[in-house]
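The residues making up each chain are set out below.
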Amino acid sequence: MARIIGGVATTHVPSIGKAIAENKQNDPYWKPFFQGFDYVHYWLAREKPDIAVVFYNDHGLNFFLDKLPTFAVGAAKEYRNEDEGWGIPVARAIEGDPDLSWHIINALVADEFDITMCQDMLVDHSVTIPMALMWPGNKRHPVRIVPVSINTVQHPLPSLKRCLNLGRSVGRAIESYPQDVRVMIVGTGGLSHQLDGKRAGFINKEFDKLCMDKLTGEPEALTRYSIHDWVEQAGAQGVEFLNWMAMRGALTGQVTEVHRNYHIPISNTAAATVVLENRTKAERKAA
Ligand SMILES: [Fe+2]
């Protein structure tokens, strides 16, 4: 049976891709952020996932405002990136896992989530940057992915509760997957940031801390915030935390935060990286 080993959540701002391309990981501006991935690399080398289910939000590469699904699941053999106009190099294609994709899609529809199924899907920096951060270098990634896109762009957005429940449904689907694979969950984006308008540059350190504190043991506490509350507290683009909520929902066992890095600012964004471990019931019994 498939096993969910844990989750990684990380900021995905495009300027990270530029910093990687220009080899600036050790520049004083970037070092505190990139250093936060040392533990992630150690954890991935130890845990050796086969597949990553990635909750992310497309910024106009695959979906634009004319057609924007609330939730979309990739079911492709491969996911390509294209020039998004941020001045970052086009990332290499990432291998998919159509079998697990269809298993998740079937389970989500059975659970009454009306999703869009994508057998051909481009992935943007919201997927490619976290992949490059987790597995640096221009090598083929050691995991296959199942991308799950959440609308954080065109209002009305799904609620925090809905995204937590989406993640839970995905988690149950993975647990019932008969193949013996190790699955990690990724949530990308955030934390607090606002890129335009009167509050451009807005960051809320206290709220970010509260979100990270509640995420592990008490994610339901965050569902009391409406999307409009969230925009007020975390900025217009801080709603990308919906991807973190879905990631947390997919961790179905006993969850422990084993790593956290928080650094302000990167490109007007509160940059955060978190690793959560997931111990299943059976593992807890065996321990
Ligand atoms: Fe974003």
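Residues numbered from 1 in each chain as written. Predicted model: local features only at pLDDT ≥ 70, side-chain atom pairs only at ≥ 80, totals over all residues. Heavy atoms only, no water.

A. Region of interest: the layout of surface pockets. For the largest pocket, the calculated volume is near 450 Å³. Lining the largest pocket are 25 residues, and of these His59, Val153, Leu195, Gln237 and Glu240 sit closest to its centre. Residues that form the lining of the largest pocket fall into these classes: 11 nonpolar, 12 polar and 2 charged. In this model, the second largest pocket occupies a volume close to 370 Å³. As for the second largest pocket, its lining consists of 20 residues, and the residues nearest its centre are Ile20, Pro89, Ala91, Ala132 and Asn138. Of all the secondary structure elements, the ones that give two or more residues to the lining of the second largest pocket are α1 (14–21) and α5 (125–134). Examining the composition of the lining of the second largest pocket, we find that 4 residues originate from one element, α5, more than from any other. Residues belonging to the lining of the second largest pocket are distributed by class as follows: 12 nonpolar, 6 polar and 2 charged. (1 Å grid on protein atoms, 1.4 Å probe; cavity = no way out; pocket = protein on both sides within 12 Å on 5 of 7 lines; lining within 4 Å. Points joined across faces, edges and corners; volume = space filled by probe spheres on them. Nonpolar A, V, L, I, M, F, W, Y, C, P; charged D, E, K, R; others polar. Helix = DSSP H or I, 4+ residues; strand = E, 2+ residues; numbered from the N terminus.)

B. Region of interest: the pairing of strand β9 (residues 254–266). Judged from the 10 bridges that link them, β9 and strand β10 (residues 269–279) form a sheet pairing that is antiparallel. Within the sheet, the bridge partner assigned to Thr256 lies in β10 and is Glu277. Hairpin connection from β9 to β10: 2 residues lie between these consecutive antiparallel strands, with Ser267 at a positive phi of about 50°. (Pairing = 2+ DSSP bridges.)

C. How the structure looks around the pattern of salt bridges. Across all of its chains, the model carries 14 salt bridges by this definition. The salt bridge involving Arg46 is made with Glu277; its shortest N-O contact spans 2.5 Å. Here the residue Arg46 occupies a position in helix α3 (residues 38–47), and Glu277 occupies one in strand β10, the gap between them amounting to 231 residues. Across the pair Arg260 and Glu257 runs a salt bridge whose closest N-O atoms are separated by 3.2 Å. Since its relative accessible area comes to 30%, Arg260 is described here as partly exposed. Residues joined by salt bridges that share partners form a network here, namely Arg46, Glu47, Arg182 and Glu277. (Salt bridge = Lys/Arg side-chain N within 4 Å of Asp/Glu carboxyl O. Buried < 20%, exposed > 50% of the residue type's maximum accessible area, 1.4 Å probe, protein only.)

D. Molecular detail of helix α7 (residues 205–217). Listing the buried residues of α7 in full gives Phe207, Asp208, Cys211, Met212, Leu215 and Thr216. Down the axis of α7, the buried set is contained in an arc of 160°. They therefore lie on one face. When the buried face of α7 is taken as reference, the exposed residues oriented beyond 90 degrees from it are Glu206 and Gly217. Looking at the buried residues of α7, the elements they touch are α8 (227–234), α9 (241–249), β9 and β10. (Arc of directions from axis to C-beta. Contact = heavy atoms within 4.5 Å.)

E. Quick look at the coordination of the iron ion. Coordination sphere of the iron ion, protein contribution only: His12 (NE2), His59 (NE2) and Glu240 (OE), at 2.0 to 2.2 Å. His12 gets classed as buried once you look at its relative accessible area, which sits at 2%. (Donors = N, O, S within 2.8 Å, 3.2 Å for Na, K, Ca; no water.)

F. Spatial organisation of a positive patch on the surface. On the surface, Arg279, Lys281, Arg284 and Lys285 cluster together into a positively charged patch. Looking at the positive patch element by element, the count peaks at 3 residues for helix α10 (residues 281–286). Within the fold, Lys281 resides in helix α10. A relative accessible area of 62% means that Lys281 is categorised as exposed. (Patch = residues over 30% accessible without salt bridge, like charges linked within 9 Å, V, L, I, M, F, W, Y side chains within 5 Å. Areas by Shrake-Rupley, 256 points an atom, 1.4 Å probe, with all protein chains shown as cover. Lys, Arg positive; Asp, Glu negative; His and termini not counted. Charge placed at Lys NZ, Arg CZ, Asp CG, Glu CD.)

G. Representation of the sheet that holds strand β8 (residues 182–188) in the model. A sheet is described by the order of its strands in space; here 8 strands give the open sequence β6-β3-β7-β2-β8-β1-β10-β9, paired in mixed fashion. Only two strands of the sheet have a single partner each, and these edge strands are β6 (116–118) and β9. Pairs of neighbouring strands in the sheet enclose a mean axial angle of 15°, with direction left out of account. Each of β1 (3–10), β8, β9 and β10 is contacted by α3, which is oriented at about 25° to β10, the strand it contacts most. (Axes fitted to C-alpha atoms, helices over the stretch in contact; angles between N-to-C directions.)

H. Highlighting a nonpolar patch on the surface. Together, Phe64, Leu65 and Val153 make up a nonpolar patch on the protein surface, roughly 280 Å² of accessible area in all. For Leu65, the location among the structural elements is in the loop between β2 (51–56) and β3 (71–74).

I. Seen up close, α3. Listed as buried for α3 are Val40, Trp43, Leu44 and Glu47. The buried side chains of α3 occupy one side of the element, clustering within an arc of 95° when seen end-on. Against the buried residues of α3 lie β1, α5, β8, β9 and β10. The first or second residue beyond α3 is Lys48, which carries a positive phi of 45°.

Keep in mind these numbers describe shape, not what the thing actually does.
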